[in-house]
Amino acid sequence: MTARLEDRDRVIWHVRCRPDTAADDHRRILDLLGEYTPLVQPLPPLAALAQLSGTRRLFGVDPGELAARARVQALARYGTDVHIGVADTWSTAATASARVGRSGVLYLPDHRAVERFLTPMPVQAVHGIGPAQAAALQRYGLHTVGALAAMDETVACRILGGKAGRTLRARARGIDPRGVTAARLPESTSASHAYAVDTYDPVRVRAALLDLVVTLASRIRGREQVARRVTLAIRLAGGSTVERTKALAQASAHTEDLRSTTFRLLDSMAFQRARIRGITLIAEDLRPADEGPGTQTSLDPERENRLRLEPVLDRINTRYGRRLAGPAGAYLKAS
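Note that the structure is predicted; figures quoted are calculated from it, not measured.

Here we take up the overall build of the chain. When you go through the chain residue by residue, the secondary structure sums to 12 helices and 10 strands. Here the chain holds 335 residues, and 50% of them are scored as buried. The contacts of the chain with a sequence gap of at least 6 include a subset with a gap of at least 24, amounting to 69%. Only carbon and sulfur atoms are counted for the fraction: they give 49% of the accessible area of the chain, which is about 16,900 Å².

Here it is as structure tokens:
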């Protein structure tokens, strides 16, 4: 007999806020989750993990009912809608939270439920799989999560590479050993762009990204901060999200530094004709500017001239509600 999730030591919630949720509301959701368990892990920009145990014993309800209670509290207290996937692993719970019904909660109580849920899904639904990896599997006729789960591990490793093949095949089978690590949300700021119609036009995507870069760079300069990392999250037409993070060469608030790092992230995702529904860009690990490396002469007069224009562009953008990119816009098609 398959043990039910409420009887196990590890229950994982993957909590997903709506794409238009403000950063402050995301922090409030983290505080709400902390009322249920100390094991809360932020997943910027707008998600979180919570690991619980003994829900029936401690709260008198099963994990699904408890998640529904938390969702109602989020709506009542903050007016924030969340979707919650409940399973015994991180990856399965994350897949579930992206596919909840009208109730806003999808509870997978045992392994049979996990198998029934995962098996018929398109292979790109596996948590953490990228478009290029999904396309590689589809070229071999592997179109569903169940097909990936059933294939020999050696074959999966040959198609996807050793570590990726083992990891993604295991997740397709509902196996994911990662636990939840309690952490505080690092200070960050984000900006998003949603398309009214899904697009695969790379010029439109890069233009939207440049607009987000200008927005974030101006914002963190106004706060007298610098960013150490940039995260790019691309939401695809099928509902999955591809996310990459890259550290800046040095902490910076300059538009062109954020722009070059962001475009490298986009290029690393190797999109070809993937239909894109939305983009979120996050400047992370924000620190006061005086904790950064300091202003150094770059010995590049063209760069120095571009940087001198930034305060002027910030004032124009603030006054007229525009987001002018200045000289950084010349790099729209740069890799």
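Let us look at the packing of helix α4 (residues 90–97) against helix α5 (residues 111–118). With their axes 12 Å apart at the nearest point, α4 and α5 run at an angle of 55° to one another. It follows that α4 is oblique to α5 by the angle criterion. The two elements α4 and α5 cross, and the hand of that crossing is left-handed. Contact residues: α4 offers T92, T95 and A96, while α5 offers V114, F117 and L118. Here the contact of α4 with α5 is composed, by residue class, of four nonpolar, two polar and no charged.

As a further point, take the confidence of the model for the chain. This prediction gives the chain a mean pLDDT of 86; 84% of its residues lie at or above 70. Low pLDDT, under 50, characterises residues 326–335; the predicted model gives this stretch 21 contacts beyond four residues in sequence or across chains.

Of the residues making up helix α8 (residues 153–160), those classed as buried are A156, C157, I159 and L160. Seen end-on, α8 carries its buried residues on one side only, within an arc spanning 165°. As for α8, its buried residues are in contact with α6 (131–139) and α9 (162–172). Its side-chain oxygen 2.8 Å from the backbone nitrogen of T154, D152 forms the N-cap of α8.

Considering all chains together, one arrives at 12 salt bridges under this definition. The closest approach of N and O atoms between R18 and D20, which form a salt bridge, is 3.5 Å. On the accessibility criterion, R18 (41% relative accessible area) is partly exposed.

Definitions and cut-offs
- Starting afresh in each chain, residues are numbered from 1 along the sequence in its written order.
- pLDDT decides what is reported in this predicted model: residues at 70 or higher carry local features, side-chain atom pairs at 80 or more are listed and counted, and totals for whole chains, interfaces and linings draw on all residues regardless.
- Values reported for side chains reflect all heavy atoms of the structure, with hydrogen atoms and water molecules removed beforehand.
- Helix and strand assignments come from DSSP, with helices taken as H or I runs of at least 4 residues and strands as E runs of at least 2, each series counted from the N terminus.
- Accessible area is worked out with a 1.4 Å probe on protein chains only. A residue is then buried under 20% of its type maximum, exposed over 50%, and partly exposed in between.
- The contact criterion used is simple: two residues touch if any of their non-hydrogen atoms lie within 4.5 Å.
- Using a 1.4 Å probe, the Shrake-Rupley method yields the accessible areas, and only the shown protein chains count as cover for residues.
- Note on definitions: angles span 0 to 180 degrees between N-to-C directions of axes, and those axes are lines fitted to C-alpha atoms, for helices only across the stretch in contact.
- For classification purposes, angles smaller than 35 degrees are called roughly parallel, those larger than 145 roughly antiparallel, those between 65 and 115 roughly perpendicular, and all remaining angles oblique.
- Put simply, a crossing is left-handed when the front helix is turned counterclockwise from the back one by less than a right angle, and right-handed when it is turned clockwise.
- Classification convention: Asp, Glu, Lys, Arg as charged; Ala, Val, Leu, Ile, Met, Phe, Trp, Tyr, Cys, Pro as nonpolar; all other residues, Gly among them, as polar.
- As a per-residue quantity, pLDDT reports the predictor's confidence and falls between 0 and 100.
- In this description, one arc is meant: the one made by directions from the helix axis to the C-beta atoms.
- Think of a polar contact as two N or O atoms within 3.5 Å of one another; within protein, one of them needs to be a possible hydrogen donor and the other a possible acceptor, and neighboring residues in sequence only count if both atoms come from side chains.
- For salt bridges, the criterion is a side-chain nitrogen of Lys or Arg within 4 Å of an Asp or Glu carboxyl oxygen.

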